[in-house]
Amino acid sequence: MSGSADFLVEIGTEELPPKALWTLASAFGAGLTKGFDAHGLAYKQASVYATPRRLAVIVTALSLGQAAKRVERRGPALTAAFDANGMPTPAALGFAKSCGVAIEQLERSETEKGAWLIFRSVQGGRTAEELIPSVVQTALDSLPIPKRMRWGDTEHLFVRPVHWSVLLLGDRVVDSTLFGTRCGRETRGHRFMRAKTFYLSSPSAYLPLLETEGRVLVDFAARREAIRAQVSEAAVAAGGEALIDSALLDEVTGLVEWPVAIQGQFDARFLAIPQAALVSTLQSHQKYFPVVDAGSGSLLPCFITVANIESPNPKVVQAGNERVVRPRLEDAMFFFQRDMAVPLSHRLNDLGAVVYQKQLGTLFDKVQRVKALALGVAREMGADAATCQQVGRAVELCKCDLLTAMVNEFPDLQGVMGREYATRQGEADEVAWAIEEHYQPRFAGDVLPRALVSQAVGVADRLDTLCGIFSVGLIPTGDKDPFGLRRSALGLLRILIEQERDVDLR
C-alpha cells in the first residue's frame with residue numbers, strides 16, 4: 001500500500017514513577033521504531049512525549065503498508081521434474097502445489113550449474129493497520145519495568161493501571177485493545193483543571209489541543225525548560241538565585257503536567273543547620289528548589305515549589321507548603337543538635353557494633369586496617385610526620401558520622417556531615433576535609449580529593465575494600481557488584497594517575 005500518514009499512540013495511566021518517566025518514554029519510542037524498522041515500515045521521525053499520566057509517541061509520515069517484494073523459490077532439477085516422455089513427475093507436481101499454482105505457471109531457470117523449475121511472484125506487503133497493534137504491544141512489553149503490577153480483576157501487567165489508550169493513524173482509529181482498554185481517539189486533560197475527554201481528529205492535533213484545552217504540557221523537554229525558567233524567575237523575585245539540581249529538575253518534571261512555580265518561606269533560625277543538610281531536606285524530602293544569595297552562595301530562608309495546578313489563590317498553596325516543610329526542618333534541627341552533643345571521636349568504639357561484612361568484621365575493624373594502610377600510603381606519597389598524624393586522625397573519624405542521626409536520616413550526606421561536625425568540634429581542616437573527600441570520586445566524572453591527607457585515606461579505604469571483599473570470594477559478576485568494587489578500583493586509579501601519586505599498590 002502506497003502513501004503515508006502520521007501515527008499517534010498514547011497510553012493513559014495512573015501516576016507513573018517520576019524518576020523513571022523519561023526512561024520509560026524513551027524506551028517506548030525506541031521500541032516502536034525498532035518494530036517499524038523490522039517490518040519495513042518507513043517513517044520520517046518519532047517524537048516521544050511523557051507526563052505523569054501518559055506515555056505517547058508521534059511517528060510522522062509512517063508508511064501505510066509494506067512495500068511489495070519479489071518472491072523466488074527454486075524447485076527440483078529439470079531432470080527430476082519431468083520423465084522421458086516430458087510428463088511432470090510427482091516432485092514437480094508437489095512443488096507446484098506447494099506454490100499454489102499449476103505446473104504450467106512455473107518457470108525454468110538454466111545456469112552453468114544446471115536447470116531447475118522456478119516459481120516467481122510479487123507478494124504484496126501487509127498494511128500498517130495490521131502491523132501496528134503487535135508493534136505497540138511488543139514495545140510496551142519490552143519497557144524496562146523492574147516490577148509490573150496487576151489491577152482490578154484483570155490479568156494485565158504494566159507499571160501502573162491503564163485507563164485509556166489512543167491508536168490513531170492519520171484520521172483513522174487502529175482497531176485494537178491494549179491492557180483491556182479499547183483503543184480510540186479520545187485523550188484526557190488535566191486531572192483537576194480539565195477533567196474531561198478530548199476528541200482527536202488527527203495526530204497533529206494532539207499537542208496543541210492538550211496544551212490549550214486540556215491544560216497539559218505533554219512535551220517533557222518543553223515542560224522541563226518551563227519549570228527551569230519559572231523557578232529561576234521566582235528565585236530572582238525572592239532576591240536570590242535558585243539551586244537547580246538536574247536530577248531534581250527531571251523528577252519534578254515527571255510529577256507535574258501543568259507546572260506553576262510558587263515561592264515559600266521558612267523561619268530564618270533554621271539557617272543554623274549546616275547548608276548541605278538544609279539543601280538535602282528541601283530537595284530530597286520536599287522536592288523544593290533552595291534559594292541562595294547570588295553573591296555569597298549562602299542559603300536564604302525561602303524555597304521554590306512547583307505546583308501541578310494553576311490555583312485561583314496561590315497564597316493558599318504557598319501556606320500549605322510552608323506548613324508541610326516546617327516539621328521537616330524541625331527534625332533536621334533536632335538531629336543536628338543531638339549529633340553535635342557527642343564528639344565524633346566518641347563514636348569510634350561504637351563502630352564495633354556495626355558489621356561491615358561478616359567475614360571481615362565490623363566497621364571498627366575496617367578502620368584499624370585502613371589506618372595501617374593509610375599511614376604506609378601517606379609515606380609513599382612523601383608525607384612528613386605531622387601529615388601522617390593527620391592521616392591517622394582522619395581515618396579514625398572518617399566513618400564515625402555513619403552513626404549520627406543526620407546521616408541515618410539523609411544517607412547521601414555521609415562524609416559531608418562528618419566534615420561539618422569535625423570542623424565545628426575543632427579538628428584540623430585537613431582532617432575534616434578528608435572525612436568528606438575520601439569518598440571522592442563517588443561516580444564517573446566526580447571531583448577528586450585535593451589534599452594528600454584525603455588522597456591517602458581514599459586510596460587506603462579502597463585498597464582495603466578491594467582486597468578484603470575479593471579475599472572472601474565475593475567477586476563481582478557481569479550484573480552484580482553489591483560492594484561497588486568496580487567503582488572503587490576506578491576511583492583508586494583516578495586518584496593515583498590524575499593526582500600523579502607514585503604508589504606501589506602491591
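Please read these numbers as outputs of a predicted model, since none were measured by experiment.

Conventions used here
Residues numbered from 1 in each chain as written. Predicted model: local features only at pLDDT ≥ 70, side-chain atom pairs only at ≥ 80, totals over all residues. Heavy atoms only, no water. Helix = DSSP H or I, 4+ residues; strand = E, 2+ residues; numbered from the N terminus. Rg over C-alpha atoms; globule rule 2.2 N^0.38 Å. Buried < 20%, exposed > 50% of the residue type's maximum accessible area, 1.4 Å probe, protein only. Areas by Shrake-Rupley, 256 points an atom, 1.4 Å probe, with all protein chains shown as cover. Lys, Arg positive; Asp, Glu negative; His and termini not counted. Charge placed at Lys NZ, Arg CZ, Asp CG, Glu CD. Salt bridge = Lys/Arg side-chain N within 4 Å of Asp/Glu carboxyl O. Patch = residues over 30% accessible without salt bridge, like charges linked within 9 Å, V, L, I, M, F, W, Y side chains within 5 Å. Expected span 1.5 Å × (residues − 1). Contact = heavy atoms within 4.5 Å. Axes fitted to C-alpha atoms, helices over the stretch in contact; angles between N-to-C directions. Left-handed = near helix turned anticlockwise from the far one by under 90°. Nonpolar A, V, L, I, M, F, W, Y, C, P; charged D, E, K, R; others polar. Polar contact = N/O pair within 3.5 Å; in protein donor to acceptor, adjacent residues only side chain to side chain. Pairing = 2+ DSSP bridges. Core = buried A, V, L, I, M, F, W, Y, C linked by side-chain atoms within 4.5 Å. Phe/Tyr/Trp six-rings, centres within 6.5 Å; stacked < 30°, edge-to-face > 60°. Lys NZ or Arg CZ within 6 Å of the ring centre and 35° of its normal.

**Student:** With reference to specific residues and values, describe the overall build of the protein chain.
**Tutor:** Counting its regular elements, the protein chain contains 16 helices and 18 strands. Over its C-alpha trace the protein chain gives a radius of gyration of 33 Å, far above what one expects of a compact globule, namely 23 Å for 506 residues. Over its C-alpha atoms, taken along the principal directions, the protein chain stretches across nearly 110 × 65 × 45 Å. Expressed as a percentage of the 506 residues in the protein chain, the buried residues total 48%. Carbon and sulfur atoms make up 52% of the accessible area of the protein chain, which totals about 24,600 Å². The positive charge centre, built from 55 side chains, and the negative charge centre, built from 59, are 4 Å apart in the protein chain.

**Student:** Describe the pattern of salt bridges, naming the residues involved and giving the relevant values.
**Tutor:** Taken as a whole and judged by the stated rule, the model has 29 salt bridges. Arg-191 is paired through a salt bridge with Glu-15; the nearest N and O atoms lie 2.9 Å apart. Of this pair, Arg-191 sits in the loop between strand S11 (186-188) and strand S12 (197-199) while Glu-15 sits in the loop between strand S1 (4-13) and helix H1 (21-38), and the two are 176 residues apart along the sequence. Glu-310 is paired through a salt bridge with Arg-215; the nearest N and O atoms lie 3.1 Å apart.

**Student:** Outline a nonpolar patch on the surface, listing residues and values.
**Tutor:** On the surface, a cluster of nonpolar side chains totalling about 280 Å² of accessible area is made up of Leu-493, Ile-497 and Leu-505. Residue position: Leu-493 is located in helix H16 (residues 485-498).

**Student:** Give me helix H9 (residues 314-340): which residues, what numbers.
**Tutor:** Counted at 1.5 Å a residue, the expected span for H9 with its 27 residues is 39 Å, and the 39 Å between its end C-alpha atoms agrees. Residues of H9 that are buried: Gln-318, Gly-320, Asn-321, Glu-322, Val-325, Leu-329, Ala-332, Met-333, Phe-335, Phe-336 and Asp-339. On its buried side, H9 packs onto strand S14 (260-265), helix H8 (275-285), strand S16 (299-307), helix H12 (405-409) and helix H13 (416-424).

**Student:** If you had to explain the packing of helix H6 (residues 220-237) against helix H7 (residues 246-253) to someone new, which residues and values would you point to?
**Tutor:** The N-to-C vectors of H6 and H7 enclose an angle of 115°; their axes lie 9 Å apart at closest approach. H7 is crossed by H6, and the crossing has right-handed handedness. Seen from H6, the contacting residues are Phe-220, Arg-223, Arg-224, Ile-227 and Arg-228; seen from H7, they are Ser-246, Leu-249, Asp-250, Val-252 and Thr-253. Class assignment of the residues belonging to the contact of H6 with H7 gives a composition of 4 nonpolar, 2 polar and 4 charged.

**Student:** Lay out the side chain of Lys-366 with the relevant residues and their values.
**Tutor:** Take Lys-366: it is sitting in helix H10 (residues 363-380). By relative accessible area, Lys-366 is classed as buried at 3%. Side-chain polar atoms of Lys-366 contact the side chain of Asp-461, separated by 3.2 Å. Once residues lying within four places of it in the same chain are set aside, the contact partners of Lys-366 are Tyr-356, Asp-461, Asp-464 and Thr-465.

**Student:** Lay out the sheet that holds S14 in plain terms, naming residues and giving numbers.
**Tutor:** Taking strand neighbours across the sheet as the criterion, the 4 strands line up as S13-S15-S16-S14 in an open arrangement whose pairing is antiparallel. Either end of the sheet is taken by a strand with one partner, and the two such strands are strand S13 (241-242) and S14. Strand direction decides the pairing type here: S14 and S16, joined by 6 bridges, are antiparallel. Residue pairing across strands places Val-260 opposite Ala-307, the latter belonging to S16. Packed onto the sheet, H9 meets S14 and S16 and runs at close to 55° relative to S14.

**Student:** Residues and numbers for the pairing of strand S15 (residues 289-292), please.
**Tutor:** Side chains of S15 alternate between two faces, with Phe-289 and Val-291 and Pro-290 and Val-292 buried alike. Both S13 and S15 contribute to a ladder of 2 bridges, which runs antiparallel. By the bridge assignment for S15, Glu-241 is matched with Val-292. Two strands pair when backbone bridges link them, and S15 and S16 are joined in this way by 3 bridges, in the antiparallel orientation. Within the sheet, the bridge partner assigned to Pro-290 lies in S16 and is Phe-303. Here S15 folds back onto S16 in antiparallel fashion, the turn holding 6 residues, of which Gly-297 has a positive phi close to 80°.

**Student:** Please provide a residue-by-residue account of the nonpolar core, values included.
**Tutor:** Within soluble globular proteins, side chains that are nonpolar tend to cluster in buried spots. In terms of nonpolar packing, the biggest core is built from 66 residues, with Ile-273, Met-381, Val-391, Met-406 and Val-459 touching the most fellow members. Counting residues per element, this core draws most heavily on helix H15 (residues 452-471), which supplies 9 residues. Beyond its immediate chain neighbours, meaning those up to four positions away, Met-406 contacts Ile-273, Ala-277, Ala-332, Phe-335, Phe-336, Asp-339, Leu-413, Met-417 and Tyr-421. Residues Phe-7, Val-9, Leu-131 and Leu-140 belong to the second largest nonpolar core, which totals 38 residues.

**Student:** Lay out the packing of aromatic side chains in plain terms, naming residues and giving numbers.
**Tutor:** Taken as a whole and judged by the stated rule, the model has 8 aromatic pairs. On the numbers, 6.0 Å between centres and 85° between planes, the contact of Phe-7 with Phe-36 is edge-to-face. One end of the pair, Phe-7, is in strand S1; the other, Phe-36, is in helix H1, with 29 residues separating them in the sequence. Across the pair, exposure class does not vary: Phe-7 and Phe-36 are buried alike. Taken together, the ring pairs in this structure connect Phe-7, Phe-36 and Tyr-43 into an aromatic cluster. A cation over an aromatic ring shows up here: Arg-419 above the ring of Trp-433, its NZ or CZ 4.5 Å from the ring centre.

**Student:** Tell me what's going on with the sheet that holds strand S3 (residues 54-63), and back it up with residues and numbers.
**Tutor:** One open sheet holds the 5 strands; their spatial order is S2-S3-S1-S7-S8, and the pairing between them is antiparallel. Of all the strands in the sheet, just strand S2 (45-51) and strand S8 (172-173) have a single pairing partner and so form its edges. Sheet topology places strand S7 (residues 162-169) next to S8; 2 bridges connect them, and they run antiparallel. The partner of Leu-168 across the bridge, within S8, is Val-173. Across the sheet, helix H4 (residues 128-141) lies against S1, S3, S7 and S8, angled at about 140° from S7, the strand it touches most.

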